[in-house]
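Structure assessment
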Amino acid sequence: MNFDIADPALAALGRQRIAWADANMPVLASIRERFAKERPLDGLTLAACLHVTTETANLLRTLQAGGARVVTCASNPLSTQDDVAAALVEDEGIPVFAVKGEDHDTYYRHLDAVLDEHPQMTMDDGCDLVSRLHADRPGQVGEVLAGTEETTTGVIRLRAMEADGALRFPIVAVNDADTKHMFDNRYGTGQSTLDGIIRATNVLLAGKVLVVAGYGYCGKGVASRARGMGAQVVVTEIDPLRALEAVMDGFRVLPMADAARDGDIFVTVTGDRDVLRAEHFAAMKDGAILANSGHFDIEIDLGALAAAAGGADQAREARPSVDEYVLEGGKRLYVIAQGRLVNLGAAEGHPAAVMDMSFANQALCAEWVAKEGRSLEARVYQVPPDIDREIARLKLDTMGVRIDVLTPEQQAYLSSWTVGT
Ligand SMILES: NC(=O)c1ccc[n+]([C@@H]2O[C@H](COP(=O)([O-])OP(=O)(O)OC[C@H]3O[C@@H](n4cnc5c(N)ncnc54)[C@H](O)[C@@H]3O)[C@@H](O)[C@H]2O)c1
């Protein structure tokens, strides 16, 4: 078996942590049990380009139980948990190509190693695997039945491919399921982003001004969690509706040019580029902390920051995962996890209990495309509403939460138009 991981000897620790996450992923566990009996993915090779975390390990175990031959690489150079990679190779026999901190070339070499396995299904987080396949291996694209995509940024890229007529197989936008983005992006990113900032810096949030760039699902989660810990939260936006929502949720909304002067901690979660750039660095206070939780490391213009600090190699490690840039006049700015996803670079990513729903969507969508893939067109599909509702029902069940059911009279009332004032 081919693989490329940091150290197989880390498998015991990985095994322990994967089991811990599994105990908090009951919906996925119930799907795994059914998959083991029904084998809906039998005979398929599935290439997963995901953050190699304990939660992902449990998803891959589920896909394997369903009969798939699974092969994996990382969807981010910094997010791999090396002990998990080791356990996947040693215990599950899954070829993993991922090493925490891998450089740009190794990252793409690992994507290529996974594509060399000629998958019939892709499971992507950010669309790097799918775009690499389309760009470099046009002859191989036809082998793929269908795929799934995990995150907002990946779905945006796929819609652009679809609009260009470039997309050549169907992909399900797992991100867009309600049981994914309403929970994973909001509560998962909200908590784990602060977790990453705190683990990296040990900063006290109470009393600090924390600036959140972007008030989408992730931004709402970060803002509300930061407020809960006593920070004064400022939101920046470019969308009037989202900005209005932030104002009515009780946050101060400012242009970044103004927020830059006030902020102690900055968090970008926009999916956009250059959200923090030269003019903002110039306005910031000494000691400001900069973190990104959007998918790619382009939200903080690190090139401009390095230039302001006097050159490309001017950053100094102030603590593990924290780089210090000293600007003219001696002002210091601190960047966490090299501007990459702070929750995965400096913490463990989302808690398992929320990934339970995201990855239940992945597993059930893989089953759906295995069955329906041949009848689908080469476009971006929504998660079937039945899958979304079933996951919410299962999650509530596992939480011991019961809800009401409509009486026949209510059902009739809600579907009629004759009853008025
Ligand atoms: N850290 C994680 O684990 C994690 C989890 C889920 C999603 N993500 C990523 O986080 C990013 C945001 O995801 P989302 O689901 O919240 O997306 P979203 O589309 O719901 O929200 C993004 C918001 O950013 C705003 N925005 C865009 N450009 C901006 C700018 N220059 N300044 C201020 N605001 C701007 C948009 O108007 C929008 O309201 C994406 O890249 C997504 O892939 C990360």
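Quick summary incoming for the structure in this document. These numbers come from a predicted model, not from an experiment. (Residues numbered from 1 in each chain as written. Predicted model: local features only at pLDDT ≥ 70, side-chain atom pairs only at ≥ 80, totals over all residues. Heavy atoms only, no water.)

What to know about the overall build of the chain
Of regular secondary structure, the chain possesses 18 helices and 15 strands. With the C-alpha coordinates aligned to their principal axes, the bounding extent of the chain is approximately 70 × 65 × 45 Å. Counting over 421 residues, the chain shows a buried share of 54%. Excluding contacts between residues fewer than 6 apart, the proportion of contacts in the chain whose partners are at least 24 apart in sequence is 71%. (Helix = DSSP H or I, 4+ residues; strand = E, 2+ residues; numbered from the N terminus. Buried < 20%, exposed > 50% of the residue type's maximum accessible area, 1.4 Å probe, protein only. Contact = heavy atoms within 4.5 Å.)

Structural notes on the site of the ligand
Around the ligand, the surrounding shell holds 26 residues, and the nearest of these are Thr151, Thr152, Thr153, Glu237 and Arg242. Compared with its free state, where it exposes 870 Å², the ligand has 87% of that area covered by protein. If you list the elements that add at least two residues to the shell around the ligand, you get α8 (152-163), α9 (178-201) and α10 (217-228). Of the residues forming the shell around the ligand, the biggest block, three residues, is contributed by α9. (Near = heavy atom within 4 Å. Areas by Shrake-Rupley, 256 points an atom, 1.4 Å probe, with all protein chains shown as cover.)

Some words on the packing of helix α6 (residues 128-136) against α8
Their axes nearest at 10 Å, the elements α6 and α8 cross at an angle of 30°. Of the possible angle classes, the one that applies to α6 and α8 is roughly parallel. Here Asp128, Val130, Ser131 and His134 of α6 lie close against α8, whose contacting residues are Arg157, Leu158 and Met161. Of the residues assigned to the contact of α6 with α8, the class counts are three nonpolar, two polar and two charged. (Axes fitted to C-alpha atoms, helices over the stretch in contact; angles between N-to-C directions. Parallel < 35°, antiparallel > 145°, perpendicular 65-115°, else oblique. Nonpolar A, V, L, I, M, F, W, Y, C, P; charged D, E, K, R; others polar.)

Side note on the sheet that holds strand β7 (residues 209-213)
The pairing of strands in a sheet comes from backbone hydrogen bonds and takes either a parallel or an antiparallel form. Across the sheet, which stays open at both edges, the eight strands sit in the order β9-β8-β7-β10-β11-β14-β13-β12 with mixed pairing between neighbours. Bordering the open sheet on either side are β9 (252-253) and β12 (316-319), each of which pairs with just one other strand. Judged from the five bridges that link them, strand β13 (residues 322-326) and strand β14 (residues 332-336) form a sheet pairing that is antiparallel. The partner of valine 326 across the bridge, within β14, is arginine 332. Lying on the sheet, α10 is in contact with β7, β8 (232-236) and β10 (265-268); it crosses β7 at an angle near 170°. (Pairing = 2+ DSSP bridges.)

Taken by themselves, the reported measurements are silent on function.
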